[in-house]
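# Observations on chain architecture
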Amino acid sequence: MLESHYNAMLSAVASASGAVASVSASAAASASAAAAASSAGDDNSSHSKSNSSSNGSSVEIIGSQEVSIVSQMAMPISRGQEAPPSGQETPQSDEEVNFLWKTQVICSELLRDDQCPLSLTAKRHKELIQSMQYERQSWRIRERMKTASVALVLCLNIGVDPPDVVKIQPCSRLECWIDPSSVSPPKAMEQIGNNLQMQYERWQPRARYKKCHDPTVEDVKKLCTSLRRNAKGERILFHYNGHGVPKPTANGEIWVFNKTFTQYIPLSIFELITWMSAPSIYVYDCSNAGIIINSFQPYAEQHEHELKKALAAAQQRGGVQQLAPGLVAGAGGAANQVQLPNQLVSYKNCIHLAACAANEILPMNAQLPADLFTSCLTTPINIALKWYAMQEKLGMVPRIQSELIDKIPGKVNDRRTMMGELNWIFTAITDTIAWNTLPRELFQRLFRQDLLVASLFRNFLLAERILRSHDCTPVSLPALPPCYRHPMWKAWDLVVDLALQQLPDILDHNAPYRQLPFFEHQLTAFQVWLDSESESRTPPEQLPIVLQVLLSQVHRLRALELLARFLDLGPWAVNLALGVGIFPYVLKLLQSSTRELRPVLVFIWAKILAVDPSCQVDLVKEYKYFLSVLQDTSVSKEHRTLSAFVLASIVHNFLLGQTSALQGPLLSICLEQLNDGSWLLRQWLAICLGMLWQNFEKARWSGARDLAHEKLYVLLRDSIPEVRAAAVFALGTFISSVTDRSEEQANNIDRIIAITMLETVGEDMSPLVRMELAAALQWMVLLFESQFVTVYLAEHMRGHASASSFVICGDPRDLASSTHSLERHVTMRRGASSSSISNMGGASGTASSGYSSGTSVRSKSGSGASSAAGAAGGTNTIPFQSIFTKLWLGICNLAQDPFPRVAAIAQEIVDHVRDTALCPIMAAKEATMATASEKCSSLSVSLPPSPNTRVNYLGGGGAGGAGAAGESPPVGAAASGASHWAQKLRLSGSGGVAGAAGDPQAILQRKLRTSSINDETDSGLGYSRGSATAGAGLGLPSGPRESTHSARSSGSESNQYMEPGHCLTPIVQTEFIPWAISYFTRPGKERYSSAEGAAEEGRQRFPVDRNSTELRRRRSRYLRNDYVRRLARRQQQEQSDRFAYDVCVWNRKTQFTPSIVKLLPYEPQIAVAYREKVLVYDFQWNSVRTYGAEAMGGSSTGNSSGSGSGSGSSSSLNGSTPRKSGSFSSFARVSSIEFINAQDQALKLVAHDDGVVRVWHSSPAANSAPDDPPAKARLITAWTALGLPNVQSYRQRNIASGGSIGKGADASSLLSGGSGTGSIVTAWQQCNQHLVVGGGGCRFIRIWDVEKELKLSDIPLGRSETSARVLASYLPNMRCDVILAGCEDGSVRLFDSRCSLQYSPISVHRRHSAPILHASLRANNPILVSGCSEGRISVVDMRAGAGNRVLYEWDAGSDVTAIASHQIADRVACGNASKIGIYSMDGRVQKVLRTNEGFIGPKIGHPTCLSFHAYKVQLAVGFVDNTVAIYSPTPVL
């Protein structure tokens, strides 16, 4: 280990070899100048040169590893050489020390602002921890329909023209592409009917077809009624060809024949609709067909209105059940049903297609068929090509004759042929036109609900285009917007042109058909749309075409990749794709074995499931596809992560998915990859495991056999907080998956898991992890409820010895002399179960002092027997070693968490246990008091009321003591008062014994008989939480909590185990899983970069958007920072001898005496701390922002959503949920302030005396309301950075016993007063993203990695009994691994944070005998400046030899209260009761600001704190007279 340490140090030196020479030269020059100045001496009386004899014993070089570094440079280290033990003093030569500090200077380099990482910028810090809010659109077809029957009614009467139509010559003759005059009329009629049926069968081959040639009214009625009878609730198509009959009448009547064909008989459309019923579709191919639709529309609207009225009236009488629209009422209905007119049928879903408008006749062009509308609907490709060839303006070269079009090779359903590809392209184009023109709901209804209807409406768009060119307007119901001029028709014309150009060669020379470039061009257009990156762009019109391209193997991969890019734009894009019909296409592709498609398909399905989790039902059969992707290590980690997410979505709360996945090797695959390098993959593997065994006991035991819980322990120490939270979630569901607690093995495993989680992440820095920990521990509370009740009652009895604390109403003196029998029983039970508690916790057999040594023995009958000598000896303590006591204290500690949401969640659990414990006691008390009240009431009937003895029944007993009788309450008042807790107890159904529900005392005794810590058959059912929240003062519940609790007794009592498959009802719920799912819902630019490699996998970085506004603003801030540094450097060079600090450029009165003042390095702001709050004053905007308890109280702050205290509230991680009234809401005194991300937007880190650190941001959250005021403080994170034993133990004891730490005792009163051992000191390293914390009486220094939110190490201060008083600060852009700590004993200690704990101490300087007030390292050279409370200032050159270290030393006077030094400029400031002295580094006085400067001049108060600006020559001072001031040589800030 020692050799690796040397190699690491050498590599650091070698990496910066270019800077060694320059730094060494500057260091040597500085040392020589300092030595010359020391030898020259000074006339100042306060300045004394230190000789070498006094310095010889003042410096301790700790350890020998630095010496070995030099020896390694000079000679190789022998393998057998060992390092001296840690702490042994080893002499060092001057060369060795010089080399050591050259190395340290190299490490203390200054970085550019863009090279300094930004901290606390992850999504968990910037947004709400909740599911992503977006509009969920319904894309599934609620009821898919099928056209089961088709009625083909042909009224042609071949050879006889209708009387109202005058035909031109030549005239169109073709009917279904047959010339009726070419054969005899009967045969022509038969051929036309057969052809029409064949044309329809192309679109719906499985329908039942019925032809009716030249029918009568009876024929049509018989046909329609028989089809409806067979079709039942399915759709019927009625096709009417009226070319041989007159035009429809103005009343909406169509014409048929009589039996002898001598008359035209009108058929009312209303009769036809009655026969056809609904749902149905009508096609009218006749002149003036629009009249039929015009007649039907008002009739349908009137019918719908009457239907609603009749249904409403019938429902009021209770006779008619609500039926779905479009269904016919059953014949066998109930006898009391009301007969509705015209049957219970809704005609709003009837569809009508008419060939022309009401005042138009059909075209008679001889080049077109007579049934042009029918040809467009049934043979669209043939008629489209013929119509295209007719257009002179299109100018086809060469000209194509109509006869050639009839010879086009191929079939419609074969996409490799010309006819098939043309039909394929036509489908894509018409779908695109409809999708871009129609409303979404209408598009779904007409183009996705029924295959035949969709085909007819696609072809109807073509009919509109062709018929409008012949002055005819097709009409439909529902009406469609005009589509005949859509730009996509030009693309169709191009396709037809390219196809027809090949036709002569194919027919004459048998040339092969060349595929058309249509889809390739459309994909390119779609790609151009995706590349535009405009925020205001409209949806792409090519989306339906992309779906059709998925059918092509040639372009499938490219289409899927573009589709994936489109889905990555956000939920709106996923909704559009699902609405257009992507689902069946990508579902079918999962059956493909092509490896190239696997990554992109996994991505697409991840996006779909993130937006619509209900798709898990469709993916159950295809889970093996994603399992193979997850198992394949050759697939990128990004896509394996997506596969893990898809599998987690499949098994999430879905038993069939869990069962299927468990049969596959999902469990083993996830466990094998838990230690993968990708943090996102680790997170989702853990979540997938948690969802797999959530409420699924079989999967839990499979995981237990594979030691899954032990493998998840590793993730509890992961470097990414989201991974740690996912591991806690998985372990929590592991515990909750077993509800039958008769298994000893399950109980032992779960107890070990709970303790491991509590010990590992109980003090995690991330609130996200602690929040999940509280949610996971609730399962232990629900499953082992009676054990926690016992622990609570024990702590409660210890904290509330007086029985009067249980009384809800009445004078406490009434019950001061007596203890309720239930409480005595509780006390005795505690004595009986004491050793069982200690046994469960693994404690020794002997109990603690004053504790009963008896053991609890459980007989077969279930009654507890105790050998305790007496109850009095068992009422004091429960051993802390008890596992449930540890868990309870851990939950109580979380209830006092500094982050509000964590505390609110844990407080819910504490309230649950408190209510469960006190409910029987309070119910029995109320019952006893109600009985006593009734007895007193009966006695007082014969006594006249006396004014002096009359008391209010609500106030309890009067002055007469316990025997005084209260006035009886009004009728029902006593019962309602006593039933408050009794009703709640009855609701709990304790023990399942119905007869005991009204006997609270019996219930409590039965509950207590099972409350031994060793009892394994505990309550299983959970509680459904109410919305009311009780206060945190645990003495008395503040209100009722409705619950559905069912406790289980043991022994002779009824063991009421939970039914298999029954789920526990959680007390609280978090939003971590929905928030984690939203990671895949959000657009790609809002997700972390997916760059792979060892350097990037462990980081959470966003993709760089070079054009973003945020990036431009950051660059401007970096330019501002550079200007501030250059300006400060120039001022220091120009005015090096004139730093007089004469001008007070800013001052402000504060409410209390300031304890800390600190200037922000780049912004015109100053932070002032007094008591428990921090105020930041802005000079530029003349504003002030407050960071304290009031910033979180009252309403929710910038990043919270609601109160967050109920179980169903949103678990916003960054939400400042109002603390409960009795919680630890008062902040402790502020002891330190740091600025995180000072080079960009500074976050305020505030440390308090109780060890709590809070980080604040003043601007609104990223997804908060835009009108939020910018001055509103937002809590980003909070944690206990330094656990102080006296505060934590007080918190735990107080809340566990039912007290409230917020009442009576302030947190700061528990700590040492003043700025002594109770103060927490911090130092922030921006380049390393490390927070160094010390003080508080702790004999170590703790280092936190703020980016990973992990504790890195605790560096001990050494063998001396001391604690850190001061930590040297760092410049915002300075990289330095040296930690400088000034201690209480007057020593200054240096540590190297890169080394292990054994080698981290570097040296100890003992130049002071009083506590250190200030210690700092210069930024430009390794010179140490330190000062103590006795006023002794020491300037030490760390490069000099052991005999010549101290450069300057002087006495600044007695009673020094504050010392500060500028890290760049040559200034030191010291303040005491009489003056503020400004010194140069050599001890010369530059300026003295005295308290009695003159009669006229300003009076300087007693300074309490001093602070220099990081770069500028400005000094901030806080005075005891509640004043803050800034002094500068110039009058400009």
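Nothing here was measured: the structure is a model prediction, and the numbers come from that model.

### Points about the overall build of the protein chain
Broken down by element type, the protein chain carries 44 helices and 40 strands. Counting only residues that meet the buried cut, the protein chain has 58% of its 1533 residues in that class. Considering only residue pairs separated by 6 or more positions, the protein chain has 69% of its internal contacts joining residues 24 or more positions apart. When the accessible surface of the protein chain is split by element, carbon and sulfur atoms take 52% of a total near 61800 Å².

### Regarding the sheet that holds strand β8 (residues 280-285)
On the basis of which strands lie adjacent, the open sheet formed by 6 strands has the order β4-β3-β5-β8-β9-β10 and mixed pairing. The strands lining the two open edges of the sheet, one partner per strand, are β4 (208-213) and β10 (475-477). If you compare each strand with its neighbour and ignore which way they point, the axes differ by 10° on average. With 6 bridges joining them, strand β3 (residues 147-154) and β4 adopt parallel strand pairing.

### Quick notes on a positive patch on the surface
Together, R1106, R1112, R1113 and R1115 line one region of the surface with positive charge. Within the secondary structure, R1115 is located in helix α43 (residues 1109-1134). You can call R1115 partly exposed: its relative accessible area is 42%.

### Overview of the sheet that holds strand β15 (residues 1165-1170)
Pairing between sheet strands relies on hydrogen bonds along the backbone, with the strands arranged either parallel or antiparallel. Read from one edge of the open sheet, 4 strands run β14-β15-β16-β17, paired in antiparallel fashion. Edge positions in the open sheet fall to β14 (1156-1159) and β17 (1183-1187), since each of these has one partner strand only. Ignoring which end each strand starts from, the neighbouring axes of this sheet average 20° apart. As defined by bridge partners, β15 adjoins strand β16 (residues 1173-1178) across 6 bridges and the pair is classed as antiparallel.

### A few points about the confidence of the model for the protein chain
Atomic detail in the predicted coordinates should be set aside for any region of low pLDDT. In the predicted model, the protein chain carries a mean pLDDT of 76, and the fraction of residues at 70 or more is 69%. pLDDT under 50 marks residues 1-58. Its contacts with residues more than four places away, or in other chains, come to 73 contacts. Considering only residues more than four positions removed or in separate chains, one finds that residues 989-998, a stretch of pLDDT under 50, has 20 contacts.

### A look at the pairing of strand β38 (residues 1503-1508)
Here β38 lies mainly inside the structure; 5 of its 6 residues are buried. Relative to strand β39 (residues 1515-1519), β38 runs antiparallel, the two being bridged by 5 bridges. Of the residues in β39, the one forming a bridge with F1508 is L1515. Between β38 and β39, which pair antiparallel and follow one another directly, the connecting turn spans 6 residues.

### Section: the pairing of strand β31 (residues 1423-1428)
Across the 6 residues of β31, 6 count as buried, placing the element largely inside the fold. The alternating pattern of β31 places I1423, V1425 and G1427 and L1424, S1426 and C1428 on opposite faces, both of which are buried. Where strand β30 (residues 1412-1417) and β31 come together, 5 bridges link them in antiparallel fashion. Bridging from a neighbouring strand, L1417 pairs with L1424 of β31. Linkage of β30 to β31, two consecutive antiparallel strands, is achieved through a turn of 5 residues. Where β31 lies against strand β32 (residues 1432-1437), 5 bridges are found, and the strand directions are antiparallel. If you follow S1426 over to β32, its bridge partner there is S1434. A loop of 3 residues connects β31 with β32, the two strands running antiparallel in sequence, and G1431 in this loop sits at a positive phi of about 90°.

### Examining the side chain of T147
Residue placement: T147 occurs in strand β3. When its relative accessible area of 1% is taken as the criterion, T147 is described as buried. A polar contact of 2.8 Å, which involves the side chain of T147, links it to the side chain of D450. Not counting residues up to four positions away in its chain, the partners in contact with T147 are Q204, A207, R235, I236, L237, D450, L452 and V453.

### Let's talk about helix α34 (residues 767-783)
In this model α34 runs 25 Å from its N-terminal to its C-terminal C-alpha over 17 residues, within 8% of the 24 Å that 1.5 Å per residue would give. With 17 of 17 residues buried, α34 lies mostly within the body of the structure.

### Examining unusual backbone geometry
The omega torsion of the bond from Q169 to P170 falls at -5°, within 30 degrees of zero and hence cis. Even without being glycine, N1522 reaches a positive phi, approximately 60°. Its location among the elements puts N1522 in the loop between β39 and β40 (1523-1528).

### Considerations on the packing of aromatic side chains
Taken as a whole and assessed by the stated rule, the structure comprises 36 aromatic pairs. Between W424 and F519, the aromatic rings sit 4.5 Å apart at their centres with planes inclined by 40°, giving tilted as the arrangement. A residue pair is termed long-range when its members are at least 10 positions apart, and W424 in helix α14 (residues 418-437) and F519 in helix α18 (residues 518-532) qualify at 95 residues. Given the relative accessible area of 8%, W424 is considered buried. Ring centres of F518 and F519 lie 5.2 Å apart, and the angle between their planes is 70°; on these two criteria the pair is classed as edge-to-face. A residue is classified by how much of its surface remains accessible, and F519, at 3% relative accessible area, is buried. One aromatic cluster is present, formed by F373, F443, F447, F457 and F460 through successive ring pairs. Taking NZ or CZ as reference, R440 lies 4.4 Å from the ring centre of W435, over its face. Geometry around W701 places R700 over its ring, the cationic atom sitting 4.8 Å from the centre.

### What about the pattern of salt bridges?
The full count for this structure, using the stated rule, is 46 salt bridges. Two residues, D161 and K167, come together in a salt bridge whose shortest N-O distance is 3.3 Å. On the accessibility criterion, D161 (42% relative accessible area) is partly exposed. Classification of K167 as partly exposed rests on a relative accessible area of 29%. Members of the salt-bridge network, linked through shared partners, are E1110, R1114, R1117 and D1240.

### Concerning the side chain of Q683
With respect to the element layout, Q683 can be found in helix α29 (residues 679-692). Sequence-distant contacts of Q683, defined by excluding residues within four places in its chain, comprise E722, V723, A726, F1072 and A1076.

### Brief notes about the packing of helix α32 (residues 721-736) against helix α42 (residues 1072-1081)
Each pair of packed helices can be described by the angle between their axes along with the distance between the axes. The contact between α32 and α42 brings their axes to 11 Å, and the two run at 130°. It follows that α32 is oblique to α42 by the angle criterion. Relative to α42, α32 is oriented so that their crossing is left-handed. For the pair α32 and α42, the contacting residues are E722, A725, A726 and F729 in the first and F1072, I1073 and W1075 in the second. Along the lines of polarity and charge, the residues of the contact of α32 with α42 split into 6 nonpolar, no polar and 1 charged.

### Notes on the environment of R1407
Relative to the helices and strands, R1407 resides in the loop between β29 (1401-1405) and β30. A C-alpha to C-alpha distance of 10.0 Å links R1407 and V1435, two positions 28 residues apart in sequence. One polar contact links R1407 to E1449, side chain to side chain, over a distance of 3.0 Å.

Cut-offs and rules
- Residues numbered from 1 in each chain as written.
- Predicted model: local features only at pLDDT ≥ 70, side-chain atom pairs only at ≥ 80, totals over all residues.
- Heavy atoms only, no water.
- Helix = DSSP H or I, 4+ residues; strand = E, 2+ residues; numbered from the N terminus.
- Buried < 20%, exposed > 50% of the residue type's maximum accessible area, 1.4 Å probe, protein only.
- Contact = heavy atoms within 4.5 Å.
- Areas by Shrake-Rupley, 256 points an atom, 1.4 Å probe, with all protein chains shown as cover.
- Pairing = 2+ DSSP bridges.
- Axes fitted to C-alpha atoms, helices over the stretch in contact; angles between N-to-C directions.
- Patch = residues over 30% accessible without salt bridge, like charges linked within 9 Å, V, L, I, M, F, W, Y side chains within 5 Å.
- Salt bridge = Lys/Arg side-chain N within 4 Å of Asp/Glu carboxyl O.
- Lys, Arg positive; Asp, Glu negative; His and termini not counted.
- Charge placed at Lys NZ, Arg CZ, Asp CG, Glu CD.
- pLDDT = per-residue confidence, 0-100.
- Polar contact = N/O pair within 3.5 Å; in protein donor to acceptor, adjacent residues only side chain to side chain.
- Expected span 1.5 Å × (residues − 1).
- Phe/Tyr/Trp six-rings, centres within 6.5 Å; stacked < 30°, edge-to-face > 60°.
- Lys NZ or Arg CZ within 6 Å of the ring centre and 35° of its normal.
- Parallel < 35°, antiparallel > 145°, perpendicular 65-115°, else oblique.
- Left-handed = near helix turned anticlockwise from the far one by under 90°.
- Nonpolar A, V, L, I, M, F, W, Y, C, P; charged D, E, K, R; others polar.

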